[in-house]
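Descriptive structure summary
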Amino acid sequence: MTVPASRSVAGRFTFSDVADPFRLRPEPPHVHGYAWRRSEPTASLVLIHGFQSHAQWFAEAGDFLCDRRFSVYALDRRGSGSSPGERGHVDRYRDWLEEVADVVQRAREEAPDAPVHLIGHCFGANVAMGAALTQSIDVASIIMLTPGLYVLPDYTAAEKATIAFRGLTGSHVLFRAPQEAALFSRDPDVIAWIRGDVLGAQRLTSACLLQTARLLRLVRRGARQLPVPVLVLEAEHDRISDNVRNRAALGEALGERCRWITFDAEHFLLAEPCRDDVIAAIAAWVDERSET
Amino acid sequence: MTLPISESVASRFSLGERAEPFRLRSEPPHVHGYAWRHPIPSATILFLHGVMSHSHWFAESADLLLDRGISVYALDRRGSGSSPYEPGHIDDYRDWLDEVRDVVQLARTETGVPVHAVGQCFGANIAIGAVLTRDVELASIVMLTPGLYVRPDYDVRAKLRAASHAFRKSRQVRIPLPLSGELFSGDAEVAAWIDGDLLGAHSTTARTVLEIGLLLRYARRNVGRLQIPMLVLEGSRDRLADNEKNRAALRRALGDRCSWTTFDAEHFLLAEPCRDAVLDALAVWVNDERKAALQ
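So, how was this worked out
- Residues numbered from 1 in each chain as written.
- Chains lettered and ligands numbered in written order.
- Predicted model: local features only at pLDDT ≥ 70, side-chain atom pairs only at ≥ 80, totals over all residues.
- Helix = DSSP H or I, 4+ residues; strand = E, 2+ residues; numbered from the N terminus.
- Rg over C-alpha atoms; globule rule 2.2 N^0.38 Å.
- Buried ≥ 20, exposed ≤ 12 C-beta atoms within 10 Å, placed from the backbone.
- Contact = placed C-beta atoms within 7 Å.
- Nonpolar A, V, L, I, M, F, W, Y, C, P; charged D, E, K, R; others polar.
- Axes fitted to C-alpha atoms, helices over the stretch in contact; angles between N-to-C directions.
- Parallel < 35°, antiparallel > 145°, perpendicular 65-115°, else oblique.
- Pairing = 2+ DSSP bridges.
- Core = buried A, V, L, I, M, F, W, Y, C linked by C-beta atoms within 7 Å.
- Expected span 1.5 Å × (residues − 1).
- Arc of directions from axis to C-beta.

On to the overall build of chain B. A count of helical and extended segments in chain B gives ten helices and eleven strands. Here chain B has a C-alpha radius of gyration of 18 Å; the compact-globule value for 295 residues is 19 Å, and the two agree. Taking the principal axes of its C-alpha atoms as reference, chain B extends roughly 55 × 55 × 45 Å. Scored against the burial criterion, the 295 residues of chain B give a buried share of 52%. Taking all contacts inside chain B whose residues are at least 6 apart in sequence as the whole, residues at least 24 apart take part in 77%.

This is the structure:
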């Protein structure tokens, strides 16, 4: 009848009193998110969630980063989390990049002296790169948490053909994302939480998948032109991110402009035992950029 | 691999373009919620969610009520939905009543029209408690499948353990709610969505079980003191709310001050095929009350 909950997973992904919900843009299409504001932040961090996640996955990290004197903004992309928009659908990937540009602008307006850093989790790192490459935004760096430039689980050839066909016919049939919850973590409580998470987009339209592929192509080809330094935090036991290919691609494209830190962890770094080290690594990187 | 989306359940409970997040109070403890603001509202409805639910459950209904010229506010009680604090825990049920007082004040300030509380199941008990104990200016209370008496209950062993841990103020033990998705709806997709919905509370601390019991006792004993009209919308096939006991208690306490409408439906009225009829009934009620107030 009773279940222990000394530090329940749901509690870890619940917003604290510091998190303040916001809505971007005076007119639709609106985008929602949460802000952890400091009165005089040393930097502003914009958290961009992955394919299946949303702002609440960063509830705990938002608090910890705020404690380190950063203002934090976590976006819910349209169709994810508390944001409006059809679940798991986007008409054009540039909508995602414009959302990032708008939240960066919000952060700069609220703390003009604080440099803005983008932190992208998995696929969110691709969105961060795309925004830095195509939008007129002033960001100091990109931090990639288990980058999603290359990922291991993929659709079969037959599934890809079906997706392409559905995309051509304009169908809004949904396809399950190939990244199953058990690939994010070994912690059964975290896996159960992800599996039951109704706010994420675990199913996607073919249009969304095609736009995702286009964004991937853009950032893979354009990585070399990234105007900002990059910190990559990778997980040694990651079963989603393809560490070997990501290292090869980013190493070749960015060379010395890219720094790497590897943790003894699975994909969802901020829910792993190394969480505090990850937060410390982010803080050290941002502080270092501020000093220089 | 593929799933139909034409009426995807997840989309029905996703917020639309007109939902605007808000945060109550300038200082902690904060409470989050969403507002659907009409430029010239005829009335305002405040949705108070049930013991397991949260504001997203009203996403679709709020949009449809906005289309009917009504402003809508939906609160996430602390520990539910996007609001802060430990999920499924409350130290004192009166904190919930304070939240209602504050959101009603916000709605009254922003809209300037009468505010009607619409409580889903247990949420209606909170509305009753708030009106009776706080300075809350509500025009009426609408009980959606009232939770004054419900059928599923904890077994004796669970109650004893809850009492034991509540007195020790232990938060280490959580007690699953005796509810499941299939009690809310006969629609398998809706039931599955409810079972998987981690934004709501599927289990509570022992203290919360005790506080729920205290609020229930207060609402049952004092509902007759309500000075505002009440509308009860019940589902004839409800397997969660105890229609007979609710009817008996509310008739005895309120008499003619309570109006009733029964739908051929299960518990979660706003996800049932009768949804539009339920929303029409709500719109007629709040607009009639508005006319009565103007007269």
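In this assembly, 37 residues from chain A lie in contact with 38 residues from chain B. Listing elements by their share of the side of chain A that touches chain B, those giving two or more residues are strand 1 (3–4), helix 1 (9–12), strand 2 (20–24) and strand 8 (174–176) of chain A. Examining the composition of the side of chain A that touches chain B, we find that four residues originate from one element, strand 2 of chain A, more than from any other. Grouping the constituent residues of the side of chain A that touches chain B by class yields 18 nonpolar, ten polar and nine charged.

Before going further, it helps to spend a moment on the packing of helix 3 (residues 94–111) of chain B against helix 4 (residues 122–133) of chain B. Residue and element names in this part refer to chain B. Helix 4 packs onto helix 3 with a crossing angle of 75° between their chain directions and a minimal axis gap of 9 Å. Considering their axes alone, helix 3 and helix 4 lie roughly perpendicular with respect to each other. The residues of helix 4 that touch helix 3, namely those facing Trp96, Leu97, Val100 and Arg101, are Ile126, Ala127, Gly129, Ala130 and Thr133. Of the residues that constitute the contact of helix 3 with helix 4, the class distribution is six nonpolar, two polar and one charged.

Residue and element names in this part refer to chain B. Taken in spatial order, the eight strands line up as 2-3-5-4-6-7-10-11 in an open sheet, and their pairing is mixed. Every other strand in the sheet has two partners, leaving strand 2 (19–24) and strand 11 (258–263) as the edge strands with one partner each. Averaged over all pairs of adjacent strands, the angle between strand axes in this sheet comes to 20°, irrespective of strand direction. Pairing analysis gives four bridges linking strand 7 (residues 140–144) to strand 10 (residues 230–235), with the strands arranged parallel. Bridge pairing links Met143 to Val232 in strand 10. On the sheet, helix 3 packs against strand 2, strand 3 (31–36), strand 4 (43–48), strand 5 (70–76) and strand 6 (115–120) and is oriented at approximately 155° with respect to strand 4.

Glancing now at unusual backbone geometry. Here Pro28 of chain A and Pro29 of chain A are connected by a cis peptide whose omega angle stands at 0°. Locating Pro29 of chain A in the fold gives a position in the loop between strand 2 and strand 3 (31–36). Cis geometry marks the peptide bond from Pro28 of chain B to Pro29 of chain B; its omega dihedral reads 5°. Relative to the helices and strands, Pro29 of chain B is located in the loop between strand 2 and strand 3.

Here the focus is the sheet that holds strand 4 (residues 43–48) of chain A. Backbone hydrogen bonds are what pair the strands of a sheet, in a parallel or an antiparallel way. Residue and element names in this part refer to chain A. Spatially, eight strands are ordered 2-3-5-4-6-7-10-11 in an open sheet, and the strand pairing comes out mixed. The two strands at the open ends of the sheet, each matched to only one other strand, are strand 2 and strand 11 (258–263). Along the sheet, successive strands turn relative to each other by an average axial angle of 20°, direction set aside. On the sheet, helix 8 (residues 243–254) packs against strand 10 (230–235) and strand 11 and is oriented at approximately 165° with respect to strand 10.

Attention now moves to the nonpolar core. In a soluble, globular protein the nonpolar side chains are often hidden away together inside. Formed by 95 residues in total, the largest nonpolar core has its most connected members in Val46, Val72, Val100 and Ala128 of chain A. For this core, the element with the most residues is helix 4 (residues 123–134) of chain A, which contributes seven residues. If we ignore the near neighbours within four places in the chain, the residues touching Val100 of chain A are Val46, Ile48, Val127, Ala128, Ala131 and Gln135 of chain A. Grouped together as the second largest cluster of nonpolar side chains are 89 residues, Val173, Phe184, Ile194 and Ile212 of chain B included.

Residue and element names in this part refer to chain B. Between its terminal C-alpha atoms helix 9 (residues 243–254) stretches 16 Å, which fits the 16 Å expected from twelve residues at 1.5 Å a residue. Taken residue by residue, helix 9 has Asn243, Asn246 and Leu250 as its buried positions. The buried residues of helix 9 occupy an angular sector of 65° when projected down its axis, which confines them to one face. Along helix 9, the residues that are exposed and aim more than 90 degrees away from the buried face are Glu244, Ala248 and Arg252.

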